[in-house]
Amino acid sequence: MNRMWKMFSGETIFLSLILLIFVSNSCTQYEYSSPLPGILEIRLKTISDTARIKFSPLNNFVLKITAVEAVREDQARVSIYEDIKALGRTTSIYNTLDYRARDSNLVIGQGYVPPGNYIGVNLLIEPGSVAILDGYRRIPVVKSESFDALLRFRRPFTVSELNTTFINVAIDLDTSLVQGADIYDFNPYYYISSIK
């Protein structure tokens with residue numbers, strides 16, 4: 001009986017070792033690394049050099065921004081919210097004649113994005129229905145027939161791990177608000193003015 005137990009124990013150990021070797025070979029670890037995100041900050045810059053529409057606390061022309069997206073090379077889009085702590089985007093209203101917009105300091109979006117190459121930024125906007133000048137003049141703003149609410153800012157940029165990339169999107173009000181007899185026609189002229 002002792003001899004049988006020793007033989008059984010030896011066979012069991014041998015079979016267990018073979019099974020252990022087989023299992024350890026089938027569970028090979030593969031190297032996998034996920035890059036850390038970078039931060040993308042998008043700021044609005046307004047260009048208005050004419051005397052008719054100037055930067056002043058008494059002047060106001062708003063854009064309602066519903067969505068901000070970064071567009072990657074592979075056409076995938078990354079949603080950018082109001083700041084890096086936001087859980088979603090709500091419609092935000094920005095005064096294009098705010099002094100911060102003149103100096104490219106009006107932040108309209110900030111978020112974590114995967115590192116890589118991007119081709120541009122998309123904004124979904126709705127212009128305000130009036131421009132207020134000198135605190136009391138209310139001039140109706142009418143969208144042109146060719147108006148498309150999706151503004152596509154295209155200029156390649158790269159986001160790196162753990163770094164912040166700053167994009168300044170510019171809207172030229174001198175060209176975008178075409179003065180009529182008693183209205184402004186809104187036909188947006190926009191571009192990316194700088195990437196840092």
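To keep things clear, this report deals only with the structure shown in the data block. (Residues numbered from 1 in each chain as written. Predicted model: local features only at pLDDT ≥ 70, side-chain atom pairs only at ≥ 80, totals over all residues. Heavy atoms only, no water.)

### Quick word on the overall build of the chain
Looking only at helices and strands, one finds three helices and 13 strands in the chain. Across the 196 residues that make up the chain, the buried fraction comes to 37%. At a minimum sequence separation of 6, the contacts of the chain that also span at least 24 residues come to 79%. (Helix = DSSP H or I, 4+ residues; strand = E, 2+ residues; numbered from the N terminus. Buried < 20%, exposed > 50% of the residue type's maximum accessible area, 1.4 Å probe, protein only. Contact = heavy atoms within 4.5 Å.)

### Side note on the sheet that holds strand 1 (residues 38-47)
Pairing is mixed in the open sheet, where four strands are placed in the order 5-1-10-13. Of all the strands in the sheet, the pair left with one neighbour each is strand 5 (106-113) and strand 13 (190-195). Along the sheet, successive strands turn relative to each other by an average axial angle of 25°, direction set aside. (Pairing = 2+ DSSP bridges. Axes fitted to C-alpha atoms, helices over the stretch in contact; angles between N-to-C directions.)

### Describing the side chain of N122
Of note, N122 is situated in strand 6 (residues 116-127). Looking at N122, its side chain comes within polar contact range of the side chain of R154, at 3.0 Å. When neighbours within four sequence positions are excluded, N122 is seen to be in contact with A67, V68, E69, V71, R77, L150, L151, R152 and R154. (Polar contact = N/O pair within 3.5 Å; in protein donor to acceptor, adjacent residues only side chain to side chain.)

### Description of the pairing of strand 6
By the bridge criterion, nine bridges tie strand 2 (residues 62-72) to strand 6 in an arrangement that is antiparallel. Paired with L63 across the bridge in strand 6 is P127. As paired strands, strand 6 and strand 9 (residues 150-159) are joined by eight bridges and run antiparallel to one another. When the sheet's bridge partners are listed, N122 is paired in strand 9 with R152.

### What about the pairing of strand 2?
Where strand 2 and strand 4 (residues 92-95) come together, four bridges link them in antiparallel fashion. Each residue of the ladder has a partner; that of V62, found in strand 4, is N95. Relative to strand 3 (residues 77-79), strand 2 runs antiparallel, the two sharing three bridges. When the bridges of strand 3 are listed, E69 appears paired with S79. Taking the residues that link successive antiparallel strands as the turn, the strand 2-strand 3 hairpin has four residues, and the phi of Q75 there is positive, at about 75°.

### Some points on the nonpolar core
Membership of the largest hydrophobic core comes to 39 residues, with the highest contact counts inside it found for I42, F61, L123, V169 and F186. Beyond its immediate sequence surroundings of up to four residues, F186 is in contact with F61, L63, I125, P127, V141, V142, K143, S144, F147, I171, S176 and L177. (Core = buried A, V, L, I, M, F, W, Y, C linked by side-chain atoms within 4.5 Å.)

### Quick notes on the pattern of salt bridges
Within this structure, the stated rule accounts for eight salt bridges. R152 serves as the salt-bridge partner of D148, at 3.1 Å between the closest nitrogen and oxygen. Relative accessible area serves as the criterion here: at 37%, D148 is assigned to the partly exposed category. (Salt bridge = Lys/Arg side-chain N within 4 Å of Asp/Glu carboxyl O.)

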